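Single-letter residue listing:
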Amino acid sequence: MKAIRRITVRPVLPEPLAPLHELARNLRWSWHTGTRDLFQAVDPGRWAASDGDPVRLLGAVPHARLAELAADEGFLRLLGEAADDLRSYVEGDRWYQKQSGGLPAAVGYFSPEFGITAALPQYSGGLGILAGDHLKAASDLGVPLIGVGLLYRHGYFRQSLSRDGWQQEHYPVLDPHELPLTPLREPDGTDCRVALALPGGGRLLARVWQAQVGRVPLLLLDSDVEENGPGERDVTDRLYGGVSEHRLLQEMLLGIGGVRAVRAYCRLTGHPEPEVFHTNEGHAGFLGVERIHELAGRGVDFDAAIEAVRAGTVFTTHTPVPAGIDRFDRELVARRFGPGAELPGIDPARILGLGTETYAGGDPNVFNMAVMGLRLAQRANGVSTLHGRVSREMFSGLWPGFDPEEVPITSVTNGVHAPTWVAPEVLRLGTRHLGEQRTLEALAVGGSDRWDAVAEIADRDIWELRRELRGRLVDEVRERLAASWRQRGAGAAELGWIDGVLDPDVLTIGFARRVPSYKRLTLMLRDPDRLRRLLLDPDRPVQIVVAGKAHPADDGGKRLVQELVRFTDDPRVRHRIVFLPDYGMAMAQKLYPGCDIWLNNPLRPLEACGTSGMKAALNGCLNLSVLDGWWDEWFTPDFGWAIPTADGTATDEQRRDDLEAAALYDLVERRVAPRFYERGPEGLPDRWIEMVRRTLTHLGPKVLAGRMVREYVEKLYAPAARSGRALTPDAARELARWKSKVRASWPRVAVDHVEASTATAELGATLVLRVRVALDELGPEDVEVQAVAGRVDSGDRITDASTVSLKPVGGPDLDGRWAYEGPLSLDRTGPYGYTVRILPAHRLLASPAETGLVTVPSEATAEAAGVLMR
């Protein structure tokens, strides 16, 4: 009979075992080997059956076993040490507490998904895993983050395959009481809730759950509460599910409700209020609108509130294509705000203006979440050097008149949380050679440019480790493959062949990620016959493990999955290539270490970063990738191989894929496989091992999330905190009034005349520029007049530009014009040119381009100034 209601009965632990509750509820166990070993010792069989989830484990252990452990002095000693270690970790000073420079008291970090552990399935792919790694690294460094997200009752979907290889989606119901979560409570013991106003007088209520990620609290909002109607209860049903209105409500709850949850958490716990708010992608962009609403309630006008909010906000974009951005119909957004709805004190037109695509080529009828995120953040970044460059190009319309390289979007290259992704076998090898504390410090905190201590590890130890990891992957693949075939309807008599799938001595390539078209899951199938020859080569065979999920609404992605699955079902090659359904964190933690090569072949430059190859590298796996994302930034032949791209404008898509697939086959056949199978005097692949060693030595420290979070602190959080403190309400009003004055006058700001002293145009010479400008109602204190100079291309476009500030000479003339002059050094040879421009200038601006205003000479003025030298 089926139960009509489900409840979770929590175990009552004997008093001596009480610290197990604290250890199970703090997700540090997900990356702390000692704590996981302790839980395994509670009941090894049930630990395995619980998939390594302490909360599930403690709910399954018989009372007799608990009583036995409560009397076991050895176990209690280990339990006490683990509890003391966690307490020291949470309460002691770490990297952040040892820094100076006015760091923020707290940072609010908002993301639509968080991949912390498979036991808390609230992620779909790279964005969520990155967010989870960000929180863990912040915890290791002592950065006072407060994470904010949504609690999805169905999480992301579970994937299986039909008999003919078509993706099937399943949405298991998650009970928060069975997850490593605790409800945030008011002093009277009731659940803490936040509310959003709905049109027509309704309300959307959400309960606040807390996950403890080491030192970092993660607040998750859950709309499945009894007071909500059916539609409102389903707002947090699925990650990235539903139609536009459903998604809009999710994003309003994340942004507006998330700020309200943070305020409640700080009120209830005494945690410092965030001085900086970090928006991880545009989904949480409404947090800025809520903060404007808070300031409005204190008497700050809208324009001044924008300036105050911008000063303390950081926006990270993760997409290199406009199609990856959430865009809503303006009218849909308008209905959710104003009188009778949310934020009634703010004119909905002002909110709509924040997300309107006012630039050339934009659609004025949509509300763009990334555009709002950029307009409400004084600091923004992409997630690799290449992605920063792509983002500056993509969003340059918001800063008209500026070259893309001057668009104020920087980059912080993503990193991965090594204690989460490094295999226990790798950790043990490091500990054996380097010591436990030294190894853990290097992985969690980082800080060094090289891990030279890897040189102390013998070649044979490295190679034996690699074979052990490959063997564990083979076992894992066979087990998962058998389960998949049983789900597809196969009987036991059909599955004998699985015992021969993969070989622990064969070169193993891994490919696992989401399945949008640009990641090109099936590029390897471009020439099926050639792939078969590589897989079945009698002397240098290759084996491939593939995993990935297509979005439930993406039939094109599902067809790619099916095409690959049908190839892997071929009896001729199925022992050499496999597709594993239901890719997630638990599978990834086994897959990355066991592969020799990590393959990535996206369309360049559509991979913003692509961190899976980083996780593989930390386990001694070499990368074989298109030069995109992080690989474009850090590739050298020491670490792996670069797949050439055929991205010329004259190459159509089919031809491009043919060329790049052929390049991939050539690399595997002629360079990768020969290097792997080549043996030196000691019977070891010496040159391969040397590449593994160089990967760990030089690449390892770069790919750490600890390095990434330190960069966020130094480049973005600390400056944002300083700006936020400077933008008091009075300062914000001053800045808003100044910007209003500048915008009113700017149409009449002009460069009237440019002249240069005559000089021989030779290296080392100096020109004196004299410029006359019209400033309308502005004065020299409101602007900066610059000379911009450098080499010029065939179209007279200045490249590799440098700027020189010109100084005002005297007061305005009878026509109200101001004279500026300054020296211009000819510091390089070849075709050279210069121009002059006027920019707004104010002490509270974070970037000269912040206002998006710039004035350059008219064509007539430019012609009069001449060209220096050809």
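Structure's up top.
Just so we're clear, the structure is a prediction, and the values are computed from it rather than from any experiment.

Visitor: Before we move on, can you summarise the overall build of the protein chain with the specific residues and values?
Guide: Secondary structure summary: the protein chain contains 29 helices and 26 strands in total. Taken against the 2.2 N^0.38 rule, which gives 29 Å for 870 residues, the C-alpha radius of gyration of the protein chain at 29 Å falls within 12% of a compact globule. Its C-alpha atoms give the protein chain principal-axis dimensions of roughly 95 × 70 × 50 Å. The buried share of the protein chain, taken over its 870 residues, is 57%. Across the protein chain, contacts joining residues at least 24 apart in sequence account for 73% of those joining residues at least 6 apart. By element, 50% of the accessible surface of the protein chain is carried by carbon and sulfur atoms, the whole surface being about 35,100 Å². In the protein chain, the 104 positive side-chain charges and the 119 negative ones have mean positions that sit 2 Å from each other.

Visitor: Go over the packing of helix α2 (residues 33–42) against helix α6 (residues 73–91) with me, naming the residues and quoting the values.
Guide: Their axes nearest at 10 Å, the elements α2 and α6 cross at an angle of 150°. On the basis of the axis angle, α2 is roughly antiparallel to α6. Helix-helix and strand crossings are classified by hand; for α2 and α6 the assignment is left-handed. Residue-level contacts link Leu-38, Ala-41 and Val-42 of α2 to Phe-75, Leu-78, Leu-79 and Ala-82 of α6. Residue composition of the contact of α2 with α6, by class: seven nonpolar, no polar and no charged.

Visitor: Please provide a residue-by-residue account of the sheet that holds strand β19 (residues 622–626), values included.
Guide: Within the open sheet, the six strands sit side by side as β17-β16-β15-β18-β19-β20. Their pairing is parallel. The sheet is open, and its two borders are formed by β17 (577–580) and β20 (640–643), each paired with just one other strand. Geometrically, the sheet is characterised by an average inter-axis angle of 20° between neighbouring strands, direction not taken into account. Where strand β15 (residues 507–512) lies against strand β18 (residues 597–600), two bridges are found, and the strand directions are parallel. Each bridged residue has a counterpart across the sheet, and for Gly-510 the counterpart in β18 is Trp-598. Helix α21 (residues 555–568) contacts β16 (542–547) and β17 of the sheet and is inclined by roughly 135° relative to β17.

Visitor: If you had to explain the pattern of salt bridges to someone new, which residues and values would you point to?
Guide: By the definition in use, this model includes 66 salt bridges. Of the charged contacts in the structure, one is a salt bridge between Arg-185 and Asp-191, with a shortest N-O distance of 2.4 Å. Taking the relative accessible area as the measure of exposure, Arg-185 reaches 43% and is therefore partly exposed. Put simply, Arg-520 and Asp-657 hold a salt bridge, and the shortest N to O gap is 2.8 Å. Placement of Arg-520 in the loop between β15 and α20 (528–536) and of Asp-657 in helix α25 (residues 653–677) is noted, with a sequence separation of 137 residues between them.

Visitor: Break down the sheet that holds strand β26 (residues 832–840) for me, citing the residues and quoting the values.
Guide: Taken together, the six strands give an open sheet; going across it, the order is β21-β22-β25-β24-β23-β26, and neighbouring strands pair in antiparallel fashion. Two strands lie at the open edges of the sheet, namely β21 (750–756) and β26, each paired on one side alone. Within the sheet, the average angular offset between the axes of one strand and its neighbour, ignoring direction, is 30°. Bridge count for strand β22 (residues 766–774) against strand β25 (residues 817–825) is nine bridges, and the pairing is antiparallel. Considered in β25, the bridge of Leu-769 is made with Gly-822.

Visitor: Tell me what's going on with the nonpolar core, and back it up with residues and numbers.
Guide: The nonpolar side chains of soluble globular proteins are, as a tendency, buried together. One finds Leu-507, Met-524, Ile-544, Ile-597, Leu-624, Trp-641 and Trp-688 to be the most contacted residues of the largest nonpolar core, which totals 106 residues. Look past the residues within four positions of Trp-641 in its chain and what remains in contact with it is Ile-597, Leu-622, Asn-623, Leu-624, Ser-625, Trp-631, Phe-635, Leu-667, Arg-671, Val-672, Trp-688 and Met-691. Residues Ala-261, Val-262, Val-742 and Leu-775 belong to the second largest nonpolar core, which totals 95 residues.

Visitor: Explain the packing of aromatic side chains to me, using residue names and the numbers behind them.
Guide: Following the criterion strictly, the structure yields 19 aromatic pairs and no others. Pairing Phe-286 with Phe-337 gives two aromatic rings, centres 5.6 Å apart and planes at 40°, and the pair type is tilted. Note that Phe-286 is positioned in helix α10 (residues 286–296) and Phe-337 in the loop between α12 (330–334) and α13 (348–355), a separation of 51 residues in sequence. Taken together, the ring pairs connect Trp-463, Trp-641, Phe-676, Tyr-677 and Trp-688 into an aromatic cluster. The ring of Tyr-89 carries the charged tip of Arg-28 above its face, separated from the ring centre by 4.2 Å. Over the ring of Tyr-171 we find Arg-238, and its NZ or CZ is 3.6 Å from the ring centre.

Visitor: Give a description of the state of the cysteines that names residues and reports values.
Guide: Counted by the stated rule, this structure contains zero disulfides. Its sulfur unpaired, Cys-609 is 16 Å from the next cysteine sulfur, which belongs to Cys-621. Residue classification places Cys-609 among the buried positions, given a relative accessible area of 3%. With no disulfide of its own, Cys-621 has Cys-595 as its nearest cysteine by sulfur position, at a separation of 5.7 Å.

Visitor: Please provide a residue-by-residue account of the packing of helix α9 (residues 244–269) against α10, values included.
Guide: Packing of α9 against α10 brings their axes to within 8 Å, and their N-to-C directions diverge by 45°. Judged on the interaxial angle alone, α10 and α9 are oblique. When the axes of α9 and α10 are compared, the crossing they make is right-handed. Here α9 contributes Leu-248, Glu-251, Met-252, Gly-255, Ile-256, Val-259, Arg-260 and Arg-263 to the contact with α10, which in turn contributes Phe-286, Leu-287, Glu-290, Arg-291, His-293 and Glu-294. Each residue belonging to the contact of α9 with α10 can be placed in one class, and the counts come to six nonpolar, two polar and six charged.

Visitor: Describe the side chain of His-134, and please don't skip the residues or the numbers.
Guide: Relative to the assigned elements, His-134 resides in helix α7 (residues 126–141). Note on His-134: relative accessible area 1%, which makes it buried.

Visitor: Any details on helix α17 (residues 424–434)? Residues and values, ideally.
Guide: All of the buried residues in α17 are Glu-425, Val-426, Leu-427, Leu-429, Gly-430 and Leu-434. Looking at the packing, one finds that the buried side of α17 touches α2, α18 (436–444) and α19 (459–487). Looking one or two residues beyond α17, the residue adopting positive phi is Gly-435, at roughly 95°.

Visitor: Talk me through the side chain of Arg-693; I want residue IDs and the actual numbers.
Guide: Following the sequence through the fold, Arg-693 ends up in helix α26 (residues 686–699). In this structure Arg-693 comes out as buried when scored by relative accessible area, which is 10%. In this structure, Arg-693 is in contact with Val-454, Ala-455, Ile-457, Ala-458, Asp-459 and Ile-462, ignoring residues within four places of it in sequence.

Visitor: Hey, could you go over unusual backbone geometry for me, with residue numbers and the actual values?
Guide: Following Arg-604, the chain continues into Pro-605 via a peptide bond in cis, with omega recorded as 5°. Structurally, the position occupied by Pro-605 is in the loop between β18 and α23 (612–617). A positive phi angle, close to 50°, is found at Leu-343, a residue other than glycine. With respect to the helices and strands, the residue Leu-343 is situated in the loop between α12 and α13.

Visitor: Pulling in residues and values, what's your account of α2?
Guide: Of all the positions in α2, only Thr-35, Leu-38, Phe-39 and Val-42 are classed as buried. The buried residues of α2 all sit within an arc of 95° when viewed along its axis, so they share a single face.

Visitor: So what's going on with the environment of Val-454? Which residues, and what values?
Guide: Mapped onto the secondary structure, Val-454 falls in the loop between α18 and α19. Taking the C-alpha atoms as reference points, Val-454 and Ser-858, 404 residues apart in sequence, are found 60 Å from one another. Apart from residues lying up to four places away in sequence, Val-454 is in contact with Arg-693, Leu-696 and Thr-697.

Visitor: Go over the environment of Arg-335, please, and point to the residues and values.
Guide: Following the sequence through the fold, Arg-335 ends up in the loop between α12 and α13. Residues Arg-335 and Pro-348 lie 13 residues apart in sequence; the distance between their C-alpha atoms is 8.6 Å. For Arg-335, the residues in contact, after removing those within four places along its chain, are Pro-199 and Ala-341.

Conventions and cut-offs
- Residues numbered from 1 in each chain as written.
- Predicted model: local features only at pLDDT ≥ 70, side-chain atom pairs only at ≥ 80, totals over all residues.
- Heavy atoms only, no water.
- Helix = DSSP H or I, 4+ residues; strand = E, 2+ residues; numbered from the N terminus.
- Rg over C-alpha atoms; globule rule 2.2 N^0.38 Å.
- Buried < 20%, exposed > 50% of the residue type's maximum accessible area, 1.4 Å probe, protein only.
- Contact = heavy atoms within 4.5 Å.
- Areas by Shrake-Rupley, 256 points an atom, 1.4 Å probe, with all protein chains shown as cover.
- Lys, Arg positive; Asp, Glu negative; His and termini not counted.
- Charge placed at Lys NZ, Arg CZ, Asp CG, Glu CD.
- Axes fitted to C-alpha atoms, helices over the stretch in contact; angles between N-to-C directions.
- Parallel < 35°, antiparallel > 145°, perpendicular 65-115°, else oblique.
- Left-handed = near helix turned anticlockwise from the far one by under 90°.
- Nonpolar A, V, L, I, M, F, W, Y, C, P; charged D, E, K, R; others polar.
- Pairing = 2+ DSSP bridges.
- Salt bridge = Lys/Arg side-chain N within 4 Å of Asp/Glu carboxyl O.
- Core = buried A, V, L, I, M, F, W, Y, C linked by side-chain atoms within 4.5 Å.
- Phe/Tyr/Trp six-rings, centres within 6.5 Å; stacked < 30°, edge-to-face > 60°.
- Lys NZ or Arg CZ within 6 Å of the ring centre and 35° of its normal.
- Disulfide = S-S within 2.5 Å.
- Arc of directions from axis to C-beta.

Take it as geometry only, folks, not as evidence of what the structure does.
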